[in-house]
Amino acid sequence: MPTLYERLGGAPAVDTAVDIFYRKVLADNRINRFFDTVDMEAQAAKQKAFLTMVFGGPNSYTGKDMREGHKHLVAKGLNDSHVDAVLENLGATLKELGVSDADIKEVAALANSVRDDVLNR
Amino acid sequence: MAILTLGETPIPIAEGQTVLAALLAAGVDAPYSCRAGLCHTCLHQVIEGTVPEASQAGLSDAQKAQGYFMPCVCVPKEPLKIVRAGDLHGEIEVRVAAIDRLSHNVIRLCLEPDRTFAYRPGQFIALRAPGEVIRTYSIASHPALDAFIELHVRVIPGGKMSGFIAERLARGDRLKISNPAGTCFYEGADPERPIVLAGAGTGLAPLWGIARDAIEQRHRGPIRLYHGARERSGLYLVDELQALADRHESFSYRPCVLSDSEPGAGDLAATVAGAETDPANTDFFLCGDADLVGRLKRELYLKGAKLQRLRADSFVPAA
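The rules we used
Residues numbered from 1 in each chain as written. Chains lettered and ligands numbered in written order. Predicted model: local features only at pLDDT ≥ 70, side-chain atom pairs only at ≥ 80, totals over all residues. pLDDT = per-residue confidence, 0-100. Helix = DSSP H or I, 4+ residues; strand = E, 2+ residues; numbered from the N terminus. Axes fitted to C-alpha atoms, helices over the stretch in contact; angles between N-to-C directions. Parallel < 35°, antiparallel > 145°, perpendicular 65-115°, else oblique. Left-handed = near helix turned anticlockwise from the far one by under 90°. Contact = placed C-beta atoms within 7 Å. Nonpolar A, V, L, I, M, F, W, Y, C, P; charged D, E, K, R; others polar. Domains from an automatic or database assignment.

### Here's the deal with the confidence of the model for chain A
At step 1: Within chain A, residue pLDDT values average 91, and 99% of them lie at 70 or more.
At step 2: Across chain A, helix α6 (residues 80-96) of chain A holds the top mean pLDDT of 96, while helix α4 (residues 40-54) of chain A sits lowest at 88.

Pasting the structure below:
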């Protein structure tokens, strides 16, 4: 049986998803301040890594990495409501790509599994 | 024996070890995050040797051409000399061949290197003046069209480098520059599609090089250059740009003066975003101060421009 990552279409699907997802979060006034940076390539690359992880693809992220990587954002006020907004945009992105509800749920569960690390608690 | 060198420092690396692992083991404060070749945080540049193809997967053609690679997924098969991505390295002696004014506050500096100096129009170099003053400048010249390396220096009140250039530097003087860096150049642009070059102030320098490079490389789509300035006196190379537009039907030049009340005047970012109706199918080159470049990039991206087709160089003033 194909893995979630394979079902979603692997690396090319991640690239397509990043493009849609990044536009969504930049246009979302609830959270765009956390994503606004002059170095948009670096930001897009980070999102590629994030989406690869929540698609169940190959990654080496640890909880410690997640904590370190988001510390400065938590200091800027990052909380559950923002994580919820990110997940909402993620779900809408996948819906747009025609991903099944069951797979979207699985992605959301993977994303939720790092919530505490992201929020440093 | 080390087969990995970071700048001038040999880094011990074991058989099968990644470059990132070797750097970290050697105590180098190398940034990294995903360790899977995805996030680009650990990006370095190879300046001698060839890196395995896998360590460049997902990078843009311009980045690959510059030797950018991801140390976290790079197990070298041959000796490598690397630097951190975007680090300006090397030292080339140059002689000041000409120095003149392009406008009341922009100086054109023409430099003749002591040895062959390969660069792409649109790249930048670090210029070193006596007293260890170092500033980066974009290259405005074209290696096949111009005899010298040409820089446009904005004269900043109290500026150490620009003050030195304006008041003390003379023809025949010697300076040092670094090797060129940066990926804001023509290669990788779609030859059939529009190219839009937008910059303010001396952000025109790299665009002047890139525009002529695109024409030189027989770009078939339209080439539109927007130059922004606060006051009309801030525009420069106006006659040259107009002449280029007269000679080449595909090239157009649009000055945008913020303080003007004439038609076509106004904010550069608003003008470009308003006039460019098909960002998804356009290659953009954006140069100037970081705030302007950031605003333009974001706006064009949200209007459908592709990130890989938004090349930019932000000018950050020295502290």
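Moving on from the coordinates now.
### Here we look at the packing of helix α2 (residues 10-27) of chain A against α4 of chain A
Each packed pair of helices is defined by two parameters, the angle between the axes and the distance between the axes.
All names here are of chain A.
At step 1: Packing of α2 against α4 leaves a shortest axis separation of 9 Å and a crossing angle of 120°. In terms of axis orientation, α2 runs oblique to α4. Note on packing geometry: the crossing formed by α2 with α4 is right-handed. Contacts between α2 and α4 involve V14, A17, V18, F21 and Y22 on the former and, on the latter, A44, Q47, K48, L51 and T52.
At step 2: For the contact of α2 with α4, the per-class residue count stands at seven nonpolar, two polar and one charged.

### Examining the domain arrangement of chain B
At step 1: Domains assigned within chain B are domain 1 (4-84), domain 2 (92-177) and domain 3 (195-315).
At step 2: Put simply, the middle of domain 1 of chain B and the middle of domain 3 of chain B, counted by C-alpha atoms, are 34 Å apart.

### Thoughts on the interface of chain A and chain B
At step 1: Facing the 19 residues of chain A at the interface are 15 residues of chain B.
At step 2: Among the elements that take part in the side of chain A that touches chain B, α4 of chain A stands out by supplying nine residues, more than any other.
At step 3: Looking at the side of chain A that touches chain B residue by residue, the classes come out as 10 nonpolar, four polar and five charged.

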